[in-house]
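# Summary of structural features
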Amino acid sequence: PGKQSVDVLIIGAGPAGCVAAAYLLEQGITVKILEKSQFPRFSIGESLLPQTMEILQQTNLLQPVIEAGFQYKNGAIFRWQDEQVEFDFREKFSPGWGITYQVQRDKFDSILASQVESKGAEVIYQATVKHIDYIDGGVRVAWYDGDGNVHSETTQFILDASGFGRVLPKLLKIEEPSSLPFRQSLFTHVIDQIPLTRFDRNKIIITVHPLDTQTWMWLIPFADGSSSLGAVATPEFYQQFAGLSPDQMLERICHADSYLSNLLKGARNKYSVRQIGGYSSSVQSYYGDRYALLGNAGEFLDPVFSSGVTIAFKSAQLACDVLTRQFSGEPACWQQQFVEPLLGGIDTFRAFVDAWYAGTLLPILCYPNKDPDVTAMISSVLAGYAWDTRNPVVQDARKFLRLISGLCQ
Ligand code: FAD
């Protein structure tokens, strides 16, 4: 690549930005990351899927993650009233990792960022990207430091990994509403005090609200005796709690389910409940003149299957592959080699999310006499292998779910 100050400029040092930096550095491409916040910083999105382990391994980021001692994770539990089903991700159709971690993101993201710094990426913190201009043979990016001073950087190519900041979709006016409706989440961390005999800390637990199947709660145990606790619901559902504080609302919602209430009876919030809403989003195009969008800066579906970090990693892997070819003068097609494969996996998750809220997925998940091969195929998708086109579920997820739904009545 040309004579700009850096080959590739990455906006955001979250999972997508750091994994992209690691891929490019391995190819000898120079990288600078501009990150708005000062790390460590809080982020939601704590339950990883096993597919992420493969990408951490490919980018030589896995060892420090293993050494950090995060909570081991081998599956997911789904509950609705007295029904419960457990998926063990080690029993799945696709080859590859069947385990992963549940991570406090302040620590996890800091590990990835310091690893890519040590591999040669310059990471500038408290650097907020505000503007871009196309210049001869490159792009100029204007950013503000923590004191409000303006700086600029020139680059061959921008990877926007700014998450919900969605810097380029906003600047280039290519945001598009999601196909999913507005939902809102309340969450906190709790010192959970759950006796080890009563709960498998190696699994995320997703509980459907007993009175409203559109509302669900997550419990994600960490290694230090705390857990992430949250709820997702529509604004209409929250209206019944008008006048209550977010702490009171989350407590009411979680304690409506007797199993969860029992688990949480000794729990104490580590901080006041936070909220995020309207997070589902999409874009008109995932790439354009000298840019591509990674992770949440492109599309975010819904948290129910913990697919966010997996999609962020996969988008970085695919985009860096195309970019490396482009920089080395080989044929590179962003539509065929980045967008189409990426959307293949996202659409598999989208089919699962749509079926979840349509109420057709839970009966399939909970159906007791499922063929073990079908269970393994579903388990693969839940473990993040949504790009394994050998899996009949991935080949046409909607059709597969429709067929299985008929058999699970
Ligand atoms: P981020 O992790 O958001 O990183 C983006 C970075 O860009 C941030 O550090 C930000 O400071 C920086 N930035 C923003 N604007 C600018 C700017 N102007 N200039 C410079 N830097 C900027 N995913 C899972 O995998 N598992 C889960 O269990 C899970 N649970 C979730 C629960 C909820 C309620 C929600 C809403 C999401 C959940 N997710 C989960 C999704 C997950 O949070 C995201 O998909 C994931 O963090 C995306 O990574 P990213 O790298 O794209 O963006």
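Residues numbered from 1 in each chain as written. Predicted model: local features only at pLDDT ≥ 70, side-chain atom pairs only at ≥ 80, totals over all residues. Heavy atoms only, no water.

### Description of the domain arrangement of the chain
Here the domain parsing of the chain yields domain 1 (6-75 + 99-178 + 280-348) and domain 2 (184-277). A C-alpha centroid distance of 29 Å is found between domain 1 and domain 2. Counting the surface lost from both domain 1 and domain 2, the interface buries some 1500 Å², and carbon and sulfur atoms represent 61% of this. The tally of links from domain 1 across to domain 2 stands at zero salt bridges. (Domains from an automatic or database assignment. Buried area = accessible area lost by both parts, 1.4 Å probe. Salt bridge = Lys/Arg side-chain N within 4 Å of Asp/Glu carboxyl O.)

### Regarding the environment of K265
Structurally, K265 is set in the loop between α8 (258-263) and β16 (268-269). A relative accessible area of 62% places K265 in the exposed class. As for K265 and I194, which are separated by 71 residues in sequence, their C-alpha atoms are 8.3 Å apart. (Helix = DSSP H or I, 4+ residues; strand = E, 2+ residues; numbered from the N terminus. Buried < 20%, exposed > 50% of the residue type's maximum accessible area, 1.4 Å probe, protein only.)

### Looking at the environment of R390
Mapped onto the fold, R390 is located in the loop between α13 (372-382) and α14 (392-395). For R390, a relative accessible area of 56% corresponds to the exposed category. Expressed as a C-alpha distance, the spacing of R390 and S94, which sit 296 residues apart in the sequence, is 8.0 Å. R390 has contacts with F93, P95 and Q395, leaving out every residue within four places of it along the chain. A polar contact of 2.9 Å, which involves the side chain of R390, links it to the side chain of D388. (Contact = heavy atoms within 4.5 Å. Polar contact = N/O pair within 3.5 Å; in protein donor to acceptor, adjacent residues only side chain to side chain.)

### Focus: the site of the ligand
Every one of the 35 residues lining the ligand counts as a neighbour, but E35, I44, S47, R105 and V309 are closest to it. Residue R41 places a side-chain N or O atom 3.0 Å away from an oxygen atom belonging to the ligand. At 3.0 Å, a backbone N or O of V129 approaches a nitrogen atom of the ligand. Coverage of the ligand by the protein chains reaches 94% of its 1000 Å² of free accessible surface. Broken down by secondary-structure element, the contributors of at least two residues to the shell around the ligand are α1 (15-26), β8 (128-135), β14 (212-221), α9 (295-298) and α10 (308-327). In terms of residue count, the dominant contributor to the shell around the ligand is α10 (three residues). Of the residues belonging to the shell around the ligand, the class tally is 16 nonpolar, 14 polar and five charged. (Near = heavy atom within 4 Å. Areas by Shrake-Rupley, 256 points an atom, 1.4 Å probe, with all protein chains shown as cover. Nonpolar A, V, L, I, M, F, W, Y, C, P; charged D, E, K, R; others polar.)

### So, the nonpolar core
In terms of nonpolar packing, the biggest core is built from 124 residues, with F78, V116, L159, F338, F352, W356 and L365 touching the most fellow members. The leading source of residues in this core is helix α11 (residues 334-358), at twelve residues. Mapping this core onto the domain boundaries places at least three of its residues in each of domain 1 (6-75 + 99-178 + 280-348) and domain 2 (184-277). In contact with F78, other than residues within four places in its own chain, are E83, Q84, V85, F87, I206, F305, W356, L362, L365 and L382. Listed in part, the 22 residues of the second largest apolar core include L186, A233, F241 and L263. (Core = buried A, V, L, I, M, F, W, Y, C linked by side-chain atoms within 4.5 Å.)

### Some words on the pairing of strand β12 (residues 184-191)
Counting buried positions over the eight residues of β12 gives seven, a clear majority of the element. Bridge analysis of β12 against strand β17 (residues 274-277) gives four bridges, and the strand direction is antiparallel. What sits directly across from L186, in β17, is Q275. Two strands pair when backbone bridges link them, and β12 and β16 are joined in this way by two bridges, in the antiparallel orientation. Bridge pairing links I191 to R268 in β16. (Pairing = 2+ DSSP bridges.)

### Brief notes about the side chain of S228
Relative to the helices and strands, S228 resides in strand β15 (residues 226-233). Polar contacts involving the side chain of S228 include one to the side chain of E46, which spans 2.6 Å. Ignoring anything within four residues of it in the chain, the contact list for S228 reads E46, T188, H189, W218, L219, I220 and F222.

### Details of the packing of aromatic side chains
The relation between two aromatic rings is expressed through the spacing of the ring centres and the mutual angle of the planes. Applying the stated criterion to the full structure yields 19 aromatic pairs. With 6.1 Å between their ring centres and 70° between their planes, F70 and F108 make a pair best called edge-to-face. Residue F70 is found in the loop between α3 (62-67) and β3 (71-73), and its partner F108 is found in helix α4 (residues 105-118); the two are separated by 38 residues along the sequence. A single burial state applies to F70 and to F108, both of which are buried. Here W334 and F338 contribute two aromatic rings whose centre-to-centre distance is 5.5 Å and whose plane-to-plane angle is 85°, an arrangement assigned as edge-to-face. In this pair, W334 and F338 both sit in helix α11, four residues apart, roughly one turn of the helix. Considered together, W334 and F338 belong to a single accessibility category, that of buried residues. (Phe/Tyr/Trp six-rings, centres within 6.5 Å; stacked < 30°, edge-to-face > 60°.)

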